[in-house]
Amino acid sequence: METPGSQSSLHRANLERVVRAVRLAGSLTQAEIARTTGLSAATVSNIVRELKDGGTVEVTPTSAGGRRARSVSLSGDAGIVIGIDFGHTHLRVAVGNLAHQVLAEESEPLDVDASSAQGFDRAERLVSRLIEATGVDRGKIAGVGLGVPGPIDVESGTLGSSAILPGWIGTRPAEELRERLGVTVHVDNDANLGALGEMVWGSGKGVRDLAYIKVASGVGAGLVIDGKIYRGPGGTAGEIGHITLDESGPVCRCGNRGCLETFAAARYVLPLLQSSHGTDLTMEGVVRLARDGDPGCRRVIADVGRHIGSGVANLCNLLNPSRVVLGGDLAEAGELVLGPIRESVGRYAIPSAARQLSVLPGALGGRAEVLGALALALSEMGDSTLLDGSLPAAAPAFT
């Protein structure tokens, strides 16, 4: 047993600090590890050599600032993580290794009226199919990240009543999948996972304070404060779709009137165009037509952007993020929607907050949430298991 404060315990702590830094970033140069951990260059060099000899990390030549450097990443065969994203109309699953490499990924349509049991059964089958396709031993699974389109109660792990999937209300998704897969499952809402995905792989990389705005069947925000997802004590932080814009506006599914969601979500926006464009129109189709010059679709997208910008301005005044990343189908509209968002932010946010804010489209498209689920599993796994050469057994019911 190591004595707290002893040389051996200090060395162990330094090993875990280095492994954690590399695990969260995917890969770092030794200089970046030193800056991230606060350890000296000599200490980092010795630890990396030890971890490499033990098979925990891989070191490859690279360059940084025009100089030769060594990139450090976790060993590709140290274990795998699984990401699962349930959406309003889809199920997407990805398998990745601990070096942040996606080994396999697949999506399939999901009937919004399907029961939760059917959804979990399909997820289990898709996970098994992808693991078999990659040829990885199931015993190598270090954890699973799961995304659902609704708030998760932090204490119970129950899916809240504002979920887009009506047949899932009151279920405990992490527990359900843990029983099926036999491994640790971490669950979060889709907007938070979109924020994680963009922060690790996309438009939020290198930014410690950002908001990821997802506009789809609903409107939600994933908030990153000081490099960490902020969920609030009840897990409902980021419900930007229920900011009131007009007290006399349309009735929202939450029971209030004039929420941002009633001016921006697909279920409210598409009917505006049905008389002129037909009933089969989708948000993806609206964006495509707008980019091709359709005046009606352009006007609707601009109006949506201005409404979203009003909500973003409130976020700026309260939290002062340095970046807002727009996700969902709407992000494909580019400046047609980003310009009006910036216009509203400039009008309604305090000038200092507006000046510091950049508004960008997401870089990951529809993959943001499933990649965020991988990032969630990576961020929650323990470093001691990697150093000890063992992977965790099944977790408690909700984590």
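Residues numbered from 1 in each chain as written. Predicted model: local features only at pLDDT ≥ 70, side-chain atom pairs only at ≥ 80, totals over all residues. Heavy atoms only, no water.

1. Things to note about the overall build of the protein chain
Scanning the protein chain from terminus to terminus reveals 15 helices and 13 strands. Principal-axis analysis of the C-alpha atoms places the extent of the protein chain at approximately 70 × 50 × 40 Å. The proportion of buried residues among the 399 residues of the protein chain is 50%. In the protein chain, of all internal contacts separated by at least 6 residues, the share reaching a separation of at least 24 is 62%. (Helix = DSSP H or I, 4+ residues; strand = E, 2+ residues; numbered from the N terminus. Buried < 20%, exposed > 50% of the residue type's maximum accessible area, 1.4 Å probe, protein only. Contact = heavy atoms within 4.5 Å.)

2. Considering helix H1 (residues 7-25)
The end-to-end C-alpha distance of H1, which contains 19 residues, comes to 27 Å, matching closely the 27 Å that a straight helix rising 1.5 Å per residue would cover. All of the buried residues along H1 are Ser-9, Asn-14, Leu-15, Val-18, Val-19, Ala-21, Val-22 and Arg-23. (Expected span 1.5 Å × (residues − 1).)

3. Structural notes on the side chain of Asp-85
Along the chain, Asp-85 turns up in strand S4 (residues 80-86). For the buried Asp-85, no salt bridge exists, and the shortest N-O distance to an oppositely charged side chain is 5.1 Å, to Arg-92. (Lys, Arg positive; Asp, Glu negative; His and termini not counted. Salt bridge = Lys/Arg side-chain N within 4 Å of Asp/Glu carboxyl O.)

4. A short note on the sheet that holds strand S10 (residues 219-225)
Spatial ordering of the open sheet is given by S11-S10-S9-S12-S13, a layout of 5 strands whose pairing is mixed. Each edge of the sheet is formed by a strand with only one pairing partner; in this case those strands are strand S11 (228-230) and strand S13 (358-361). Taken pair by pair, the neighbouring strands of this sheet meet at an average axis angle of 25°, ignoring direction. Packed onto the sheet, helix H12 (residues 335-348) meets strand S12 (323-327) and S13 and runs at close to 160° relative to S13. (Pairing = 2+ DSSP bridges. Axes fitted to C-alpha atoms, helices over the stretch in contact; angles between N-to-C directions.)

5. With respect to the packing of aromatic side chains
One pass over the structure, following the stated rule, counts 3 aromatic pairs. Between Phe-86 and Trp-168, the aromatic rings sit 4.6 Å apart at their centres with planes inclined by 65°, giving edge-to-face as the arrangement. With Phe-86 in strand S4 and Trp-168 in the loop between strand S7 (141-148) and helix H5 (173-181), the pair connects residues that are 82 residues apart, well separated along the chain. With respect to burial, Phe-86 and Trp-168 carry one shared label: buried. (Phe/Tyr/Trp six-rings, centres within 6.5 Å; stacked < 30°, edge-to-face > 60°.)

6. Some remarks on the domain arrangement of the protein chain
Parsing the protein chain into structural domains produces domain 1 (8-74), domain 2 (80-194 + 369-380) and domain 3 (205-362). The centre of domain 1, based on its C-alpha atoms, is set 30 Å off from the matching centre of domain 2. Summing both partners gives a buried area of about 480 Å² for domain 1 against domain 2, and 54% of it is carried by carbon and sulfur. On inspection of domain 1 and its partner domain 2, the count reaches 4 residue pairs in polar contact (both at pLDDT 80 or more). Elements with a contribution of two residues or more to the side of domain 1 that touches domain 2: H1 and strand S3 (67-74). Among the elements that make up the side of domain 1 that touches domain 2, the one with the highest residue count is H1 (4 residues). (Domains from an automatic or database assignment. Buried area = accessible area lost by both parts, 1.4 Å probe. Polar contact = N/O pair within 3.5 Å; in protein donor to acceptor, adjacent residues only side chain to side chain.)

7. A look at the UniProt feature "domain: HTH marR-type" (unreviewed entry) in the protein chain
This chain's UniProt record puts "domain: HTH marR-type" (unreviewed entry) on residues 18-68. Across residues 18-68, helical content stands at 57% and strand content at 25%; the span's end C-alpha atoms are separated by 21 Å. (UniProt positions renumbered as here; feature names shortened; annotations may be inferred.)

8. Observations regarding helix H11 (residues 295-319)
Between its terminal C-alpha atoms H11 stretches 35 Å, which fits the 36 Å expected from 25 residues at 1.5 Å a residue. At the N-terminal end of H11, a side-chain oxygen is found 3.0 Å from the backbone nitrogen of Gly-296, two or three residues along, and the residue is Asp-294. A positive backbone phi angle near 55° is found at Asn-320, which sits one or two residues after H11.

9. Examining unusual backbone geometry
Here the phi dihedral of His-100 falls at roughly 70°; this positive angle occurs in a residue that is not glycine. Of note, His-100 is situated in the loop between strand S5 (90-97) and strand S6 (102-109). A relative accessible area of 12% means that His-100 is categorised as buried. For Asp-226, which is not glycine, the phi dihedral falls at a positive 55°. Within the element layout of this structure, Asp-226 appears in the loop between S10 and S11.

10. Remarks on the pattern of salt bridges
In the structure shown here, the tally under the stated rule is 19 salt bridges. Between Arg-231 and Asp-188 there is a salt bridge, with the nearest N and O atoms lying 2.6 Å from each other. Here Asp-188 lies in strand S8 (residues 185-189) and Arg-231 lies in the loop between S11 and helix H7 (261-264), a separation of 43 residues in the sequence. Overall, Arg-231 belongs to the partly exposed group, its relative accessible area being 28%. Exposure remark for Asp-188: the relative accessible area of 5% places this residue in the buried category. Connected through shared salt-bridge partners, Glu-106, Glu-108, Arg-122 and Arg-129 make up one network.

11. Observations concerning the sheet that holds S4
Judged by pairing direction, the sheet is mixed, and its 5 strands sit side by side in the order S6-S5-S4-S7-S8 without closing on themselves. Two strands bound the open sheet, and with one partner strand each, they are S6 and S8. Sheet twist, expressed as the average angle between the axes of neighbouring strands with direction ignored, equals 15°. Judged from the 7 bridges that link them, S4 and S5 form a sheet pairing that is antiparallel. Of the residues in S5, the one forming a bridge with Val-81 is Gly-96. With respect to the sheet, helix H14 (residues 368-380) is in contact with S4, S5, S6, S7 and S8, its orientation differing from that of S4 by roughly 140°.

12. Notes on a nonpolar patch on the surface
On the surface, a nonpolar cluster with roughly 400 Å² of combined accessible area is contributed by Ile-225, Tyr-230, Leu-318 and Leu-319. Tracing the backbone shows Tyr-230 in strand S11. (Patch = residues over 30% accessible without salt bridge, like charges linked within 9 Å, V, L, I, M, F, W, Y side chains within 5 Å. Areas by Shrake-Rupley, 256 points an atom, 1.4 Å probe, with all protein chains shown as cover.)

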